[in-house]
Amino acid sequence: MDMETVRLLQIVEKLAPELVPFLTERELNLNIVLRDGLALLEPEDAMEIVQQSICEYQREVLLQ
């Protein structure tokens, strides 16, 4: 499968919808590039992506 760009919201809604209330709108709108596409993601992959996205977002906020 080819690479696919999706919003973090799409990943969370599909694999971990219970996390939606805990993420900001800006975090949910982050673009994520998936090497093998959304169809092949597992729930544990989603958790790792969410964790990394939050870390990156917080790092950007601290740098500003």
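The rules behind these values
- Residues numbered from 1 in each chain as written.
- Predicted model: local features only at pLDDT ≥ 70, side-chain atom pairs only at ≥ 80, totals over all residues.
- Heavy atoms only, no water.
- Salt bridge = Lys/Arg side-chain N within 4 Å of Asp/Glu carboxyl O.
- Buried < 20%, exposed > 50% of the residue type's maximum accessible area, 1.4 Å probe, protein only.
- Core = buried A, V, L, I, M, F, W, Y, C linked by side-chain atoms within 4.5 Å.
- Helix = DSSP H or I, 4+ residues; strand = E, 2+ residues; numbered from the N terminus.
- Contact = heavy atoms within 4.5 Å.
- Lys, Arg positive; Asp, Glu negative; His and termini not counted.

Student: What's the story with the pattern of salt bridges in this structure? I'm lost.
Tutor: Two side chains that carry opposite charge are able to pair once their charged atoms sit near each other. With the rule as written, the count across this model stands at one salt bridge. A salt bridge links Arg-35 to Asp-36; the nearest nitrogen and oxygen atoms lie 3.5 Å apart. The exposed category is assigned to Arg-35, whose relative accessible area is 64%. Residue Asp-36 is classed as partly exposed on the basis of its relative accessible area of 31%.

Student: Explain the nonpolar core here, please?
Tutor: If you look at soluble globular proteins, the nonpolar side chains tend to sit buried side by side. Core analysis: the biggest nonpolar cluster contains 17 residues, and Leu-8, Ile-11, Leu-34, Leu-41 and Ile-49 have the highest contact counts within it. Of all the secondary-structure elements, those providing two or more residues to this core are helix H1 (8-15), strand S2 (31-34) and helix H3 (43-63). Examining the composition of this core, we find that five residues originate from one element, H1, more than from any other. The residues contacting Ile-49, other than those within four sequence positions of it, are Leu-8, Ile-11, Ile-32, Leu-34 and Leu-41.

Student: Got a minute to help me understand the side chain of Glu-27 in this structure?
Tutor: Turning to its location among the elements, Glu-27 is positioned in helix H2 (residues 25-28). One buried charged side chain, Glu-27, makes no salt bridge at all; its nearest oppositely charged neighbour is Arg-26, positioned 8.7 Å away. In this structure, Glu-27 is in contact with Leu-8, Phe-22, Ile-54 and Tyr-57, ignoring residues within four places of it in sequence.

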